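Commentary on secondary and tertiary structure
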Amino acid sequence: MTVQKTPYRVLIGKPGLDGHDRGAKFIARALRDEGFEVIYTGIRRTAAEIAATAIQEDVDVVGLSSLSGAHLRLFPEVVNELKERGGADIPVLGGGVIPEEDIQLLLGDGLNAIFTPGTPANTIIRSFTEACQQHRNHDANK
Amino acid sequence: MTPTSKTLLAGLKKHDPRAIGRAISAVENNGDAAADLLAALDQDLINKVLVLGITGPPGAGKSTLTSSLITTLREQQKRVGIIAVDPSSPISGGAILGDRIRMMDHALDPDVVVRSMATRGRLGGLCASAGAAVRIMAAAGCESIIIETVGVGQSEMDIIRLADITLMVLAPGFGDDIQAMKAGLLEVADFLVVNKSDQHGAEALCMDMEQIFSSKQEETGIARVIQTVASEDRGIDELLASVNNFADYLRISGMKKERRSKALDAETLDWIIEMLRPRFLQAMKGNSGNKDPRIRAKELINTILATQNSPPNIFKETTL
Ligand code: B12
Ligand SMILES: Nc1nc2c(ncn2[C@@H]2O[C@H](COP(=O)(O)OP(=O)(O)O)[C@@H](O)[C@H]2O)c(=O)[nH]1
Ligand SMILES: [Mg+2]
C-alpha cells in the first residue's frame, strides 16, 4: 500500500472534580483541526481511569487539563498510573491555571511540558507533535 | 512471524489491554506489517463471538445504550469489546472521538475493552479496519462485541454487513431522520430500539415502528421493537433477551454463518479495490481526454491486466 502519514492519536483528559472544560475542548478541537485523532474523556475522571483509557486506546500522548488547583496531586498521579499499566513511554502534557512555581515541580514529576492561559494554540500543537514523534520513534526503536 | 507480532499475539491471549490496543493500531496504520498477526488469530473464538451493530442518528442515544448494554453483559460475566466510530474531518483528517465519554464508568473494568476509531475517509459509517478490530478483540477473549457507527443516516450500510445483528436506535423527536431512513437502513435493521422512552412521543413512535417491523416479528416470533431508557438502564434486560433469542435463531438456522461469509466477501472486495487504487491512480495520470469515465475505466483495467507479469507487478511501485 501507499506510504501515508497515519494520524497521531492523543487523549485529552480532565482529572479530578474540576468542571472547567472550555480549555480542554479548545485544545481537542485545535488538535483535530491539525489532523490529530483526539479521544476526549469528559470531566471528572480519576487518574486511574484516564491512564487505563490511554492504554486501551493506544494513544501517543496524554494531555491533562486542570484549572481548579489540584494539578500537583492529579497530574503526577496520572503519570504513575500510566507507569503501573506499562505505559511509561507515553508522554504526558499538562495545562490550565497553574502557578509558575508549580511548573518545575510537575516537570520534575515526569510531566513533559506545562502550558498556562494565553498560550497560543500553535505552541501547544507543536509540543503535541513533538511528543507524538518522540513516542513513535520510541516504538520504532524497540 | 515478526517478533512484534509474536509479542502482540501472546499479549492478546492474556487479554492484555496494551497488546489489544497496539494490535489494532498496527492493522489500522499499516495492514501489511500486521498480516502475520491477523493470520494467526484464533478462528474458533472469532466464529463464536456475537457482533452487535448499533446505528441511528446522532443524539438518539447510541453511546448511552452501548454503556447500558456493557453493564448488563458484565452482570452476565461476559467479556465485552466495543468499537466506537466517529467521523474524520475531510479537511484536516483529524477527529474528535467522543463516544468514550459515556462509557468511562467501565474504564477500570479489565473485561471491557473499548477502542475509538476514526473513519479516515471511508463513507459507509465504519472505518476500513473495523472488521480486523472485531477479530482482534474476539481473539483476545471478548465474547460480545458492540460496534457503534458514526450515525449519519441511511448510507451506513457497512454495519449491516459487519455485524451479526444490527440495532437501529431512534428516539422521539427524530421525525425527519426517520423519514429519511424508511427506504434504507430501517428496512434491513434486525431490531428497532425506541430509546428515550421517558420522553413524550415514544408510544407513537413505537406503534409506527411495530408496523414497519411486523413481518420480521412474525417470521421469528421474537419482539423486534423494544423501548428503552438508556440513561436509566431501563429496558436493557428485555432488549438483550430478544437479541440473544435472535442470535440463537441465527446460529441454529445457519444464517449467522451465511451472514459472516457474505461479510467476509464484501470486506475482501473492499480490500481488493483499496489495494488496486494506487496502481490505477497512477495509470490515470496523463491519460485523461474527454472520454466517458466508464469507458475509460474499462480501458485502464484492460491495459493493466494485460500487462505481462501483471499479477506480480500490479502492486509494484506501490507496496512498502
Ligand atoms: C470560564 C470560567 C468559569 C466557567 C467555566 C465554564 C466551562 N464550562 O469551562 C464557570 C462560570 C462555570 C466557572 C466556574 C467556577 N470557577 Co471558573 N473560571 C473561568 C475563567 C474566567 C476562564 C476559564 C476559561 O474557560 N478559559 C478559556 C480557556 C480556553 O483557557 P484555559 O482553560 O486556561 O486553557 C488554556 C491554557 O490554560 C492551556 N490549557 C488548558 N488545558 C490544557 C491542557 C493541555 C493538555 C495543554 C497542553 C494546555 C492546556 O491552553 C489553553 C489555551 O491557551 C477562569 C479564569 C481564568 N482567567 O482562567 C476562572 C477560574 C478557573 N475559575 C475559578 C473558580 C474558583 C471557579 C469556581 C470554583 C467558582 C465558584 N466559587 O463557584 C467554579 C467551579 C466550577 C467547577 N465545577 O469546577 C478560579 C480557579 C482558582 C484556582 N485555580 O485556584 C479561576 C482561575 C478564577 C480566579 N482567578 O479565581 N468558571
Ligand atoms: N431522556 C433521555 N435522554 C437520553 C437517553 N439516552 C441517552 N440520552 C441522552 O441523549 C444524549 C445523546 O446521547 P448519546 O448516547 O451521546 O447519543 P449518540 O450520539 O447516539 O451516541 C445524551 O445527552 C444522553 O444523556 C434516554 O433514554 N432518555
Ligand atoms: Mg455516540
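Scroll up a little and you will see the structure.
Fair warning: this is a prediction, and the values are worked out from it, not measured in the lab. (Residues numbered from 1 in each chain as written. Chains lettered and ligands numbered in written order. Predicted model: local features only at pLDDT ≥ 70, side-chain atom pairs only at ≥ 80, totals over all residues. Heavy atoms only, no water.)

**Examining the site of ligand 2**
Residue and element names in this part refer to chain B. Close to ligand 2 lie 17 residues; G59, K62, T64, R102 and D198 are nearest. G61 is positioned with one of its backbone polar atoms (N or O) 3.0 Å from an oxygen atom of ligand 2. A distance of 3.0 Å is found between an oxygen atom of ligand 2 and a side-chain nitrogen or oxygen belonging to K196. Against a free-state accessible area of 590 Å², the protein chains account for coverage of 76% of ligand 2. Among the elements that make up the shell around ligand 2, the one with the highest residue count is helix α5 (residues 62–75) (3 residues). Considered class by class, the residues forming the shell around ligand 2 number 5 nonpolar, 7 polar and 5 charged. (Near = heavy atom within 4 Å. Polar contact = N/O pair within 3.5 Å; in protein donor to acceptor, adjacent residues only side chain to side chain. Areas by Shrake-Rupley, 256 points an atom, 1.4 Å probe, with all protein chains shown as cover. Helix = DSSP H or I, 4+ residues; strand = E, 2+ residues; numbered from the N terminus. Nonpolar A, V, L, I, M, F, W, Y, C, P; charged D, E, K, R; others polar.)

**Notes on the coordination of the magnesium ion (ligand 3)**
Residues and elements named next belong to chain B. Coordination of the magnesium ion (ligand 3) by the protein comes from S63 (OG), D99 (OD) and E148 (OE), over a distance range of 2.2 Å. Counting along the primary sequence, the residues that act as donors to the magnesium ion (ligand 3) give the motif S-x35-D-x48-E. With a gap of 36 residues between them, S63 in helix α5 and D99 in the loop between β3 (95–97) and β4 (112–118) connect regions that are remote in the sequence. Here D99 falls in the buried class, since its relative accessible area comes to 10%. (Donors = N, O, S within 2.8 Å, 3.2 Å for Na, K, Ca; no water. Buried < 20%, exposed > 50% of the residue type's maximum accessible area, 1.4 Å probe, protein only.)

**Regarding the environment of V38(A)**
Tracing the chain through its elements places V38(A) in strand β2 (residues 37–40). A residue is classified by how much of its surface remains accessible, and V38(A), at 0% relative accessible area, is buried. For the pair V38(A) and I27(A), spaced 11 residues apart in sequence, the C-alpha separation works out to 9.5 Å. Aside from chain neighbours lying at most four places away, what touches V38(A) is V10(A), I12(A), A28(A), L31(A), R32(A), A95(B), I96(B) and L97(B). (Contact = heavy atoms within 4.5 Å.)

**Remarks on the nonpolar core**
Residues and elements named next belong to chain B. Core analysis: the biggest nonpolar cluster contains 46 residues, and L65, I165 and L192 have the highest contact counts within it. A per-element tally of this core places helix α11 (residues 236–253) first, with 7 residues. Those residues in contact with L65 that lie beyond four places of it in its chain are I54, V169, V193, T228, A230, I236 and L239. One finds L9, V85, V134 and I145 within the second-largest nonpolar core, a separate group that totals 36 residues. (Core = buried A, V, L, I, M, F, W, Y, C linked by side-chain atoms within 4.5 Å.)

**Topic: helix α13 (residues 293–306) of chain B**
All names here are of chain B. For α13, spanning 14 residues, the distance from its first C-alpha to its last is 20 Å, which sits close to the expected 20 Å at 1.5 Å a residue. What α13 keeps buried is the set R296, L300 and I304. Down the axis of α13, the buried side of the element spans an arc of 60 degrees, and every buried residue falls inside it. Of the exposed residues in α13, the ones pointing more than 90 degrees away from its buried face are R294, K298, N302, L305 and A306. The N-terminus of α13 is capped by D292, whose side-chain oxygen sits 3.0 Å from the backbone nitrogen of R294. (Expected span 1.5 Å × (residues − 1). Arc of directions from axis to C-beta.)

**So, the side chain of D18(A)**
Residue and element names in this part refer to chain A. Among the structural elements, D18 can be located in the loop between β1 (9–13) and α1 (22–33). One polar contact links D18 to H20, side chain to side chain, over a distance of 2.8 Å. A polar atom in the side chain of D18 sits 2.8 Å from the backbone nitrogen of L67. Those residues in contact with D18 that lie beyond four places of it in its chain are I43, R44, S65, S66, L67 and S68.

**Some remarks on the interface of chain B and chain A**
Listed by partner, the interface residues are 34 residues for chain B and 37 residues for chain A. For chain B, the biggest contributors to the area lost against chain A are R18(B), I96(B) and M104(B); these three give 22% of the whole. If you look at where chain B meets chain A, you find 6 salt bridges. In this structure, the salt-bridge partner of R18(B) is D89(A), at a minimum N-O distance of 3.0 Å. Where the side of chain B that touches chain A is concerned, the elements lending two or more residues are α2 (17–29), β3, β4 and α12 (255–284) of chain B. For the side of chain B that touches chain A, the class distribution of residues is 16 nonpolar, 10 polar and 8 charged. Bridge count between β2(A) and β3(B): 3 bridges; the pairing is parallel. Residue pairing across strands places V38(A) opposite I96(B), the latter belonging to β3(B). (Buried area = accessible area lost by both parts, 1.4 Å probe. Salt bridge = Lys/Arg side-chain N within 4 Å of Asp/Glu carboxyl O. Pairing = 2+ DSSP bridges.)

**Some thoughts on the pattern of salt bridges**
A full pass over the atoms with the stated rule returns 30 salt bridges over all chains. Between R135(B) and E267(B) there is a salt bridge whose closest N-O contact spans 2.8 Å. Taken together, the positions of R135(B) in helix α6 (residues 130–139) and E267(B) in helix α12 put the pair 132 residues apart, joining distant regions of the chain. A relative accessible area of 21% places R135(B) in the partly exposed class. What you see here is one network of salt bridges that share partners, running through R9(A), E37(A), E57(A), E28(B), R100(B), R115(B) and R120(B).

**Looking at the site of ligand 1**
Residues and elements named next belong to chain A. Contacts to ligand 1 come from 27 residues, most closely from G19, H20, D21, L67 and T119. Contact distances for ligand 1 include 2.8 Å between a nitrogen atom and a side-chain N or O atom of D21. Separating an oxygen atom of ligand 1 from a backbone N or O atom of T119 is a distance of 2.8 Å. Counting residues per element, the ones that place at least two in the shell around ligand 1 are α1, β3 (61–66), β4 (92–96) and α5 (121–140). Among the residues forming the shell around ligand 1, the class breakdown is 10 nonpolar, 13 polar and 4 charged.

**Notes on the coordination of the cobalt atom of ligand 1**
Within the protein, just one atom coordinates the cobalt atom of ligand 1: H20(A) (NE2), at a distance of 2.1 Å. With respect to the element layout, H20(A) can be found in the loop between β1 and α1.

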